[in-house]
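Architecture at a glance
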Amino acid sequence: MGTLSAGILMYRRRDGSIQVLLVHPGGPFWRRRDLGAWSIPKGEPAPGETNEAAARREFGEELGTDPAGRLTPLGSIRQRGGKTVEAFAVEGDFDIAGFRCTSRFEIEWPPRSGRLQSFPEVDQALWWSLPEARERILPGQCPLLDRLQALCESAS
């Protein structure tokens, strides 16, 4: 059975279209990957933590700021590796110039070198139009973009 993560898909409206904020994973394995590598900021809930609280905490850890506003549920998706992601949408306008990931991980790098290196969990955060985001987001998370688009269209 896969793990559970909770995350936030932040969006904004610009010139009549929707833009979404996605993050690029840090570390050497993702360094040269772009298309199909980006994600919503997300992570595993701590014991006793609600999914909404975990989504807010992970957003803060990965982007360096807490998301303001009411979260709207987007439901769950299942990624290829078996991980279930419960997502929430929030309208906002995160300034990517203020991006700073406070969450890090360590791995042996280079492989079999015996040296541990520390990497940020996220190395980039960018705003994308929905068509651009569909190319860059992990394929299993694409339904979240569709749900957000439907949500925004129904609110218009």
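Throughout what follows, the structure given in this document is the object of discussion. Nothing here was measured: the structure is a model prediction, and the numbers come from that model. (Residues numbered from 1 in each chain as written. Predicted model: local features only at pLDDT ≥ 70, side-chain atom pairs only at ≥ 80, totals over all residues. Heavy atoms only, no water.)

**As for the pattern of salt bridges**
Summed over all chains, the structure comprises 10 salt bridges. Note that Arg14 is salt-bridged to Asp93, the shortest N-O span being 2.8 Å. Taken together, the positions of Arg14 in strand S1 (residues 4-14) and Asp93 in the loop between strand S5 (84-91) and strand S6 (104-108) put the pair 79 residues apart, joining distant regions of the chain. What makes Arg14 partly exposed here is its relative accessible area of 32%. Residue Asp93 is classed as partly exposed on the basis of its relative accessible area of 47%. (Salt bridge = Lys/Arg side-chain N within 4 Å of Asp/Glu carboxyl O. Helix = DSSP H or I, 4+ residues; strand = E, 2+ residues; numbered from the N terminus. Buried < 20%, exposed > 50% of the residue type's maximum accessible area, 1.4 Å probe, protein only.)

**So, the nonpolar core**
Within the largest apolar cluster, 21 residues are counted, with the highest numbers of intra-cluster contacts made by Leu9, Val20, Leu22, Ile40 and Leu148. For this core, the secondary-structure elements that each account for two or more residues are S1, strand S2 (17-25), strand S4 (72-78), S5, helix H2 (130-136) and helix H3 (142-155). For this core, the leading source of residues is H3, giving five residues. Those residues in contact with Leu148 that sit more than four places away from it in its chain are Leu9, Tyr11, Ile18, Val20, Leu74 and Ala89. (Core = buried A, V, L, I, M, F, W, Y, C linked by side-chain atoms within 4.5 Å. Contact = heavy atoms within 4.5 Å.)

**Some words on the packing of aromatic side chains**
Taken as a whole and assessed by the stated rule, the structure comprises three aromatic pairs. On the basis of an interplanar angle of 80° and a centroid distance of 5.5 Å, the ring pair of Phe29 and Trp109 is categorised as edge-to-face. Remark: Trp109 occurs in the loop between S6 and strand S7 (116-120) and Phe29 occurs in the loop between S2 and strand S3 (42-43); sequence separation between them is 80 residues. Residue Phe29 is classed as exposed on the basis of its relative accessible area, which comes to 60%. Take Trp109: its relative accessible area is 21%, and that puts it in the partly exposed class. Where Trp38 meets Trp128, the ring centres are 5.3 Å apart and the plane angle is 80°; that geometry is what we call edge-to-face. (Phe/Tyr/Trp six-rings, centres within 6.5 Å; stacked < 30°, edge-to-face > 60°.)

Functional significance is not addressed by these values, which are geometric in nature.
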